[in-house]
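For reference, the chains in residue letters:
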Amino acid sequence: MVTIRLRRQGAKKSPYYRIVVIDARNAREGAFVEILGHYNPRQAPETFVIDRERLNYWLGVGAQASDSVRTLVKRHPAVAVEAAPVATA
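Basis of the calculations
- Residues numbered from 1 in each chain as written.
- Predicted model: local features only at pLDDT ≥ 70, side-chain atom pairs only at ≥ 80, totals over all residues.
- Heavy atoms only, no water.
- Helix = DSSP H or I, 4+ residues; strand = E, 2+ residues; numbered from the N terminus.
- Buried < 20%, exposed > 50% of the residue type's maximum accessible area, 1.4 Å probe, protein only.
- Contact = heavy atoms within 4.5 Å.
- Areas by Shrake-Rupley, 256 points an atom, 1.4 Å probe, with all protein chains shown as cover.
- Salt bridge = Lys/Arg side-chain N within 4 Å of Asp/Glu carboxyl O.

Colleague: Could you give an account of the overall build of the protein, naming the residues involved and the relevant values?
Modeller: When helices and strands are counted, the protein shows two helices and five strands. For the protein, the sequential pattern of α-helices and β-strands runs β-β-β-β-α-β-α. By the burial criterion, 30% of the 89 residues in the protein qualify as buried. Counting only contacts in the protein whose residues sit at least 6 apart along the sequence, the fraction spanning at least 24 positions is 35%. Surface exposure of the protein reaches about 6300 Å², of which carbon and sulfur atoms provide 54%.

Colleague: Give me the lowdown on the pattern of salt bridges, citing residues and values where you can.
Modeller: In this structure the tally under the stated criterion is four salt bridges. As a salt-bridge pair, Glu-46 and Arg-75 come within 3.0 Å of each other at their nearest N and O atoms. Note that Glu-46 is positioned in the loop between β3 (34-40) and β4 (47-50) and Arg-75 in helix α2 (residues 67-75), a separation of 29 residues in sequence. Taking the relative accessible area as the measure of exposure, Arg-75 reaches 46% and is therefore partly exposed. Put simply, Arg-70 and Asp-67 hold a salt bridge, and the shortest N to O gap is 2.3 Å. You can see Arg-70 and its partner Asp-67 sitting in helix α2, three residues apart, about one turn around the helix.

Laid out in structure tokens, this is it:
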């Protein structure tokens, strides 16, 4: 089974996390399939960046999001991107 979960990075006592697609049998820092984004709880305000298109793809093909990832996605809703004005000459 494939899961979407956090992978710890960073130095001792200053962690940041990558959001990765990984086989559930692999270790937390084991081999992963794809990096979807990152999360840094130590910044003020905390940084959360994720490729929602790829997240929806993986969830659509049967990947299971961990509780932590599911909570982060709900806490940081997608920001609506406005179309840039088109310059006419």
